[in-house]
Number of protein chains: 2
Amino acid sequence: MAGTDSSQPINYAPTPAIILCEPQLGENIGSAARAMANFGLWDLRLVRPRDGWPNEKAIVAASKADHVLERVTVYETLEEAIADLTLVYATTARSRDMQKEVYGPEEASATMATHIRKGEKVGLLFGRERWGLLNDEVALADAIVTLPVEAAFASLNIAQAVLLMSYEFRRTSEEGKALPFGDGLHEPAPRNELVGLMEHLETVLEGSGFFTAPDKKPSVITNLRTALTRGRFTSQEIRTLRGVISSIDRRHERPNPNRQKSQKDE
Amino acid sequence: MAGTDSSQPINYAPTPAIILCEPQLGENIGSAARAMANFGLWDLRLVRPRDGWPNEKAIVAASKADHVLERVTVYETLEEAIADLTLVYATTARSRDMQKEVYGPEEASATMATHIRKGEKVGLLFGRERWGLLNDEVALADAIVTLPVEAAFASLNIAQAVLLMSYEFRRTSEEGKALPFGDGLHEPAPRNELVGLMEHLETVLEGSGFFTAPDKKPSVITNLRTALTRGRFTSQEIRTLRGVISSIDRRHERPNPNRQKSQKDE
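Below: a short report on this structure.

### Considerations on the sheet that holds strand β6 (residues 122-126) of chain A
Residue and element names in this part refer to chain A.
Then comes step 1: In space, the seven strands of this open sheet follow the order β3-β2-β1-β6-β4-β7-β5, with parallel pairing throughout. Each end of this open sheet is capped by a strand with a single partner; those strands are β3 (73-75) and β5 (102-103).
Then comes step 2: One ladder, built from three bridges, connects strand β4 (residues 87-91) with strand β7 (residues 143-145); its direction is parallel. When the bridges of β7 are listed, T91 appears paired with V145.
Then comes step 3: Seen against the sheet, helix α1 (residues 26-38) touches β1 (17-21) and β2 (44-47) and runs at an angle of roughly 160 degrees to β2.
Then comes step 4: Against the sheet, helix α7 (residues 158-172) touches β1, β4, β6 and β7, its axis set at about 155 degrees to β6.

Rendered as structure tokens:
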């Protein structure tokens, strides 16, 4: 799914900060950066990364999300990492039995987007690979966010959780409504060309003896026209289809070498 | 974000088939299986996997999504892999200049869900790691699906794309509305307990000489009551806060060893 257009400038619009608490593996930091970059997030903050920073494995896993890696900030404490934020959500897959609201990703993203529009800074906390966020870290957050995973199989790693939250945030924004391409569909042909195709086909079928029961002919034609209309053919496609019909119609006019050969083999 | 409840049975409800065309790395097949399992998908089909099947690396990367791996089916051709499907979407990050509609993940998921409700079988095609789907593979699909990635950085691997589409499908379904836990918030305390806290605090503040300007007292009280109401405290929290107030209020009644020590140090 690679489709980077490197002529496009990176957009540093306000988006949520992603805060990883004591991440253990550089690969996960890099994959999180890559996930963020795909959906326009760029503010990655690390609290006490186990293997220090910068990290070679993170660079490899980031798959050229260099603009995110270059801006990474590292903190000794979570309190410092979230000091400038006014809205903080903690992501967790486990119930904490804490008096905190639990939101799904859509609701959380909508609230974050509203705060960002008002000029506020928001952030999402993610815990360690092995045991997630500590309760005293969750306590610093305004609310909990969890993903609607299957109870019988709930196993997302940090980078996957960051990817889904980044995607959700993007989806709530204007950019999320715009797809990277629309394949500039050609207009379907004007209806007279479609009717020309239908009449061409019907004339050929008349000649080939297709309409064996004259009383059923009108309904057969209706069904054929219904099927052909559904394709919303372009002018070019109609020309091709008319060529196809003519080609089959004329096949007895000239010898077909394959057909003769296959008959000889039998 | 691990939170599997292994007492829950796996649910094999009808969901889209995920078809990987000539996947090269076992890790990606395994990660795709793990991604699917998180959101209740289980029908994984492989067309000519480069390193054959089964694949050790896939098993490791699947992170115990064994029920998906055990059901994997392998095909020689894409045509065979999609033979039983009535709706097929091709995922791609690149424009193909083909006369095919291009949908975003939400629109595609909604249409897939509608078809599944009618008892039809649907599938999503994903291409090879290096160059995605071939045009003749895309031609077999009803439409194209692409993700709303940043034009300046579009780099999702197969497993990430499978994760996002699986999540989107889940989001459109009933299960997607249900979060795995809600943390069973306690009710906020009845209002008389909150008023009791306010009056307690105000009495203590009266005694401590907090209200220096009598004409401003009503508005100060209004502001305090506004702030305290916003917390939506539980009965337990109100008891704790009243304990806090009493404790501070009584601090001059008994010697504080720390305070005395600190004064001695100075």
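Next comes the rest of the write-up.
### Remarks on the pairing of β1 of chain A
All names here are of chain A.
Then comes step 1: For β1, the tally of buried residues reaches five of five residues, placing the bulk of the element in the interior.
Then comes step 2: Because side chains alternate across β1, one face comprises the buried residues A17, I19 and C21, and the other comprises I18 and L20, equally buried.
Then comes step 3: Both β1 and β6 contribute to a ladder of four bridges, which runs parallel. Counted as the bridge partner of I18 is L124 from β6.
Then comes step 4: Where β1 and β2 come together, four bridges link them in parallel fashion. Paired with L20 across the bridge in β2 is L46.
Then comes step 5: Following the chain from β1 across α1 to the adjacent parallel β2, one finds a crossover that is right-handed.

### So, the pattern of salt bridges
Then comes step 1: Summed over all chains, the structure comprises 28 salt bridges over all chains.
Then comes step 2: With its nearest N and O atoms 3.6 Å apart, the salt bridge here joins E168 of chain B to R171 of chain A. Of this pair, E168 of chain B sits in helix α7 (residues 158-172) while R171 of chain A sits in helix α7, on two different chains. A single burial state applies to E168 of chain B and to R171 of chain A, both of which are buried.
Then comes step 3: One network of salt bridges, with partners in common, ties together E106, E168 and R171 of chain A together with E106, E168 and R171 of chain B.

### What about the packing of aromatic side chains?
Then comes step 1: According to the stated counting rule, one finds nine aromatic pairs over all chains in the structure shown.
Then comes step 2: Both rings, one in Y89 of chain B and one in Y103 of chain B, keep their centres 5.8 Å apart while their planes meet at 65 degrees; by these two values the pair is edge-to-face. Taken together, the positions of Y89 of chain B in strand β4 (residues 87-91) and Y103 of chain B in strand β5 (residues 102-103) put the pair 14 residues apart, joining distant regions of the chain.
Then comes step 3: For Y103 of chain B, a relative accessible area of 22% puts it in the partly exposed group.
Then comes step 4: Here the aromatic cluster, defined as three or more aromatic residues joined through ring pairs, consists of F39 and Y167 of chain A together with F39 and Y167 of chain B.
Then comes step 5: The ring of F211 of chain A carries the charged tip of K217 of chain A above its face, separated from the ring centre by 5.3 Å.

### Observations concerning the interface of chain A and chain B
Then comes step 1: Counting from both sides, the interface comprises 70 residues of chain A and, opposite them, 70 residues of chain B.
Then comes step 2: Carbon and sulfur atoms supply 57% of the area buried between chain A and chain B, which totals about 6,400 Å² over both sides.
Then comes step 3: Between chain A and chain B we count six salt bridges in total.
Then comes step 4: With a closest N to O distance of 3.0 Å, E106 of chain A and R171 of chain B form a salt bridge.
Then comes step 5: Joining chain A to chain B, the criterion identifies 21 residue pairs in polar contact (both at pLDDT 80 or more).
Then comes step 6: Elements supplying a minimum of two residues to the side of chain A that touches chain B: α1, β5, α5 (105-117), α7 and α8 (174-177) of chain A.
Then comes step 7: At eight residues, α7 of chain A tops the list of elements feeding residues into the side of chain A that touches chain B.
Then comes step 8: Classifying every residue of the side of chain A that touches chain B gives 32 nonpolar, 22 polar and 16 charged.

### Remarks on the relation of the copies chain A and chain B
Then comes step 1: Once chain A is rotated about the relating axis by 180 degrees and shifted along it by 0.1 Å, it coincides with chain B to within an RMSD of 0.1 Å. With respect to symmetry, the two chain copies, as superposed, fit the operation of a two-fold axis. Within chain A, L164 of chain A has its C-alpha nearest the rotation axis, a separation of 3.3 Å.
Then comes step 2: By residue overlap, the copies meet face to face through one surface: 100% of the interface positions of chain A are interface positions in chain B.

### Comments concerning unusual backbone geometry
Then comes step 1: In the segment running from W53 of chain A into P54 of chain A, the intervening peptide bond is cis, with an omega of 5 degrees.
Then comes step 2: Residue S63 of chain B is not a glycine yet carries a positive backbone phi of 50 degrees.
Then comes step 3: Relative to the elements of secondary structure, S63 of chain B occurs in the loop between α2 (56-61) and α3 (66-69).
Then comes step 4: Although it is not a glycine, K64 of chain B adopts a positive phi angle of roughly 75 degrees.
Then comes step 5: Within the secondary structure layout, K64 of chain B lies in the loop between α2 and α3.
Then comes step 6: By relative accessible area, which is 68% here, K64 of chain B ends up exposed.

### So, the side chain of E168 of chain A
Then comes step 1: A relative accessible area of 0% means that E168 of chain A is categorised as buried.
Then comes step 2: A polar side-chain atom of E168 of chain A sits 2.6 Å from a polar atom in the side chain of Y167 of chain B.
Then comes step 3: Discounting residues that sit within four places of it in the chain, E168 of chain A has contacts with P105, E106 and S109 of chain A together with Y167 and R171 of chain B.

### Let's talk about the sheet that holds strand β6 (residues 122-126) of chain B
All names here are of chain B.
Then comes step 1: Reading across the sheet, the seven strands line up as β3-β2-β1-β6-β4-β7-β5 and stay open at both edges, with parallel pairing between neighbours. Every interior strand has two partners, whereas the edge strands, β3 (73-75) and β5, have only one.
Then comes step 2: In the packing of α7 onto the sheet, the strands contacted are β1 (17-21), β4, β6 and β7 (143-145), and the crossing angle to β6 comes to about 155 degrees.

What counts, and at which threshold
- Residues numbered from 1 in each chain as written.
- Chains lettered and ligands numbered in written order.
- Predicted model: local features only at pLDDT ≥ 70, side-chain atom pairs only at ≥ 80, totals over all residues.
- Heavy atoms only, no water.
- Pairing = 2+ DSSP bridges.
- Helix = DSSP H or I, 4+ residues; strand = E, 2+ residues; numbered from the N terminus.
- Contact = heavy atoms within 4.5 Å.
- Axes fitted to C-alpha atoms, helices over the stretch in contact; angles between N-to-C directions.
- Buried < 20%, exposed > 50% of the residue type's maximum accessible area, 1.4 Å probe, protein only.
- Right-handed = clockwise from strand over helix to strand, strands pointing away.
- Salt bridge = Lys/Arg side-chain N within 4 Å of Asp/Glu carboxyl O.
- Phe/Tyr/Trp six-rings, centres within 6.5 Å; stacked < 30°, edge-to-face > 60°.
- Lys NZ or Arg CZ within 6 Å of the ring centre and 35° of its normal.
- Buried area = accessible area lost by both parts, 1.4 Å probe.
- Polar contact = N/O pair within 3.5 Å; in protein donor to acceptor, adjacent residues only side chain to side chain.
- Nonpolar A, V, L, I, M, F, W, Y, C, P; charged D, E, K, R; others polar.
- Least-squares fit on C-alpha atoms with pLDDT ≥ 70 in both.

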